[in-house]
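Take a look at the letters that make up each chain.
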Amino acid sequence: AIGEAYAKAAIAYLGLKKKATAPAKPSTGSSTGKIAVGSTVKVTGTKYATGQTIPGWVKSTTHKVSEISGDRALLGRDGGICSWVYLKDLTLVSGGVAKPENIYAKGRAIRLNNTALYGSASSKTAAGRKTGTYYLYDGMEISGRYRITTSAVNCGKTPMGNYVTGYINKADIR
């Protein structure tokens, strides 16, 4: 944890930026949620996770997800067959879990309600309390805390001291 904190501090100090990466897989086919156990889904792919071809009835009906393991889901039909399929080959029909991709992402708006604000990542005592809408400055966790700022346009701007309002505990981000 200490090594990570030093690395993150060096990255922030040097103003280094992360290279763009491809969107995370598996896709759920829905922008409103993620496939979870109990979700109702349709199969869009043509292969079982074991490599066998999926029969036509699987694609034409909806199925309940009964288990998720890695990149695969175990599907069942009322009184029917259960089959492993790839999550990327499913489209969410209902019952997904709505979550942002990364709740700690740079620029994400967060609502604070009398939340403790610290002057640094290592401060033992809160410098004050904040209520209102703030933004995650850079999305980097340092000693269990995140930097916040007052405006989305301030996120990541330097010099950091001019734009960072303070630090809040990770547990205060919802």
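One can find the structure itself at the top, above this paragraph.
Residues numbered from 1 in each chain as written. Predicted model: local features only at pLDDT ≥ 70, side-chain atom pairs only at ≥ 80, totals over all residues. Heavy atoms only, no water.

1. Some remarks on the packing of aromatic side chains
Counted under the stated rule, the structure contains 1 aromatic pair. Here arginine 72 stacks its cationic end above the ring of tryptophan 84, 4.7 Å away from the centre of that ring. Across the ring face of tyrosine 104, the terminal group of lysine 170 is positioned such that the distance to the ring centre comes to 5.1 Å. (Phe/Tyr/Trp six-rings, centres within 6.5 Å; stacked < 30°, edge-to-face > 60°. Lys NZ or Arg CZ within 6 Å of the ring centre and 35° of its normal.)

2. Quick word on the pattern of salt bridges
When the charged atoms of two side chains with opposite charge come close together, those side chains can pair. On inspection of all chains with the given rule, the structure shows 4 salt bridges. Of the charged contacts, one joins glutamate 4 and lysine 8 as a salt bridge, the two residues approaching to 4.0 Å between their closest N and O atoms. Linking glutamate 4 with lysine 8, this pair stays in helix 1 (residues 2-14), spanning 4 residues, or about one helical turn. Between aspartate 138 and arginine 147 there is a salt bridge; the shortest N-O distance is 2.3 Å. For aspartate 138, a relative accessible area of 16% gives the class buried. Taking relative accessible area as the criterion, arginine 147 reaches 4% and is therefore assigned buried. (Salt bridge = Lys/Arg side-chain N within 4 Å of Asp/Glu carboxyl O. Helix = DSSP H or I, 4+ residues; strand = E, 2+ residues; numbered from the N terminus. Buried < 20%, exposed > 50% of the residue type's maximum accessible area, 1.4 Å probe, protein only.)

3. Observations concerning the environment of lysine 64
Position of lysine 64 among the secondary structure elements: in strand 2 (residues 62-69). Residues lysine 64 and cysteine 82, 18 residues apart in the sequence, show an inter-C-alpha distance of 9.5 Å. Contacts of lysine 64, omitting those with residues within four sequence positions, involve Gly38, Ser39, Thr40, Leu74, Leu75 and Gly76. A polar contact of 3.0 Å, which involves the side chain of lysine 64, links it to the side chain of threonine 40. (Contact = heavy atoms within 4.5 Å. Polar contact = N/O pair within 3.5 Å; in protein donor to acceptor, adjacent residues only side chain to side chain.)

4. Let's talk about the side chain of threonine 40
One can find threonine 40 in strand 1 (residues 40-43). With a relative accessible area of 11%, threonine 40 lands in the buried category.

5. Points about the sheet that holds strand 3 (residues 72-76)
Strands in a sheet are paired, the pairing made by backbone hydrogen bonds, and the direction either parallel or antiparallel. The 5 strands are arranged 4-3-2-1-5 in an open sheet whose pairing can be described as antiparallel. Of all strands in the sheet, those with a lone pairing partner are strand 4 (83-86) and strand 5 (90-94), marking the two edges. Across the sheet, the mean angle separating the axes of adjacent strands is 50° when strand polarity is ignored. Relative to strand 4, strand 3 runs antiparallel, the two being bridged by 4 bridges. (Pairing = 2+ DSSP bridges. Axes fitted to C-alpha atoms, helices over the stretch in contact; angles between N-to-C directions.)

6. With respect to helix 1
Over its 13 residues, helix 1 extends 18 Å from the first C-alpha to the last, a length consistent with the 18 Å expected when each residue adds 1.5 Å. One or two residues past the end of helix 1 sits glycine 15, with phi positive at roughly 70°. (Expected span 1.5 Å × (residues − 1).)

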